[in-house]
Structure formats: structure tokens, C-alpha cells
Amino acid sequence: MYADMHRLCAQVESIPEEVVFDHLHATAFQGTPLARTILGPAENIRSITREHLVEYIAKNYTAPRMVRR
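The paragraphs below set out a description of the structure included in this document. All residue numbers refer to positions counted from 1 along the written sequence of the respective chain. Restriction of local features to residues with pLDDT of at least 70 applies here, the model being predicted, together with a cutoff of 80 or more for giving and counting side-chain atom pairs; totals for whole chains, interfaces and linings are based on all residues. Side-chain numbers come from the whole structure's heavy atoms, not from hydrogens or water.

Here the focus is the overall build of the protein. Numbering of helices and strands runs from the N terminus; a helix is a DSSP stretch of H or I covering at least four residues, while a strand is a stretch of E covering at least two. If you tally the helices and strands in the protein, you get 4 helices and 0 strands. Walking the protein from its N terminus toward its C terminus, one meets helices and strands in the order α-α-α-α. The C-alpha atoms of the protein give 15 Å as radius of gyration, which overshoots the globular expectation for 69 residues (11 Å, by more than 25%). With respect to the principal axes defined by its C-alpha atoms, the protein has extents near 40 × 25 × 25 Å. Type-normalised accessible area, obtained with a 1.4 Å probe on protein chains alone, sets the label of each residue: buried when under 20%, exposed when over 50%, and partly exposed for intermediate values. A total of 69 residues make up the protein; the buried ones form 10% of that total. Put simply, the protein shows about 6200 Å² of open surface, and 60% of that area lies on carbon and sulfur atoms. Atoms counted for the radius of gyration: C-alpha only. Globule rule: 2.2 Å times residue count to the power 0.38. Using a 1.4 Å probe, the Shrake-Rupley method yields the accessible areas, and only the shown protein chains count as cover for residues.

In C-alpha cells, the structure reads:
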């Protein structure tokens, strides 16, 4: 999963339309959350470890947080 996030980040950064869209939003929505990229800053993505993901999943994907149909 960790390698997949890095691969996804690299893929998005290699698509000109995605890069332009991110820059457009950053300019048009300066100072608001809409100016941020969907994936977040590359530095944040690079700093995520396997332990971060395991902790997040253990904390957030638990029975009390699940929706039943």
C-alpha cells in the first residue's frame, strides 16, 4: 500500500492536466482548503510510513465506525 501511494503521486505529477488543474485551484482558491491538492503535498505523502497506515486503519476501520445496511 505504501509503494502504491508513492506510485500514485508520481503518476499524478506526470500528467500535465493534473498538474495544471492543481496549479489553477491553488491560484483561484488561495488561502482556502480548495487550494490544496486532493493527495496533499508531496512531502506529506513521502513521510507516511507503513506504521502510520496500520495505525490509521486500526483506529478508523473498527466495528463502531462501520455503517450497516
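With that settled, consider the environment of Cys9. Turning to its location among the elements, Cys9 is positioned in helix H1 (residues 2–13). For Cys9, a relative accessible area of 10% corresponds to the buried category. Contacts between residues were defined by any pair of non-hydrogen atoms, one from each residue, lying within 4.5 Å. Cys9 has contacts with Leu39, Ala42 and Ile45, leaving out every residue within four places of it along the chain.

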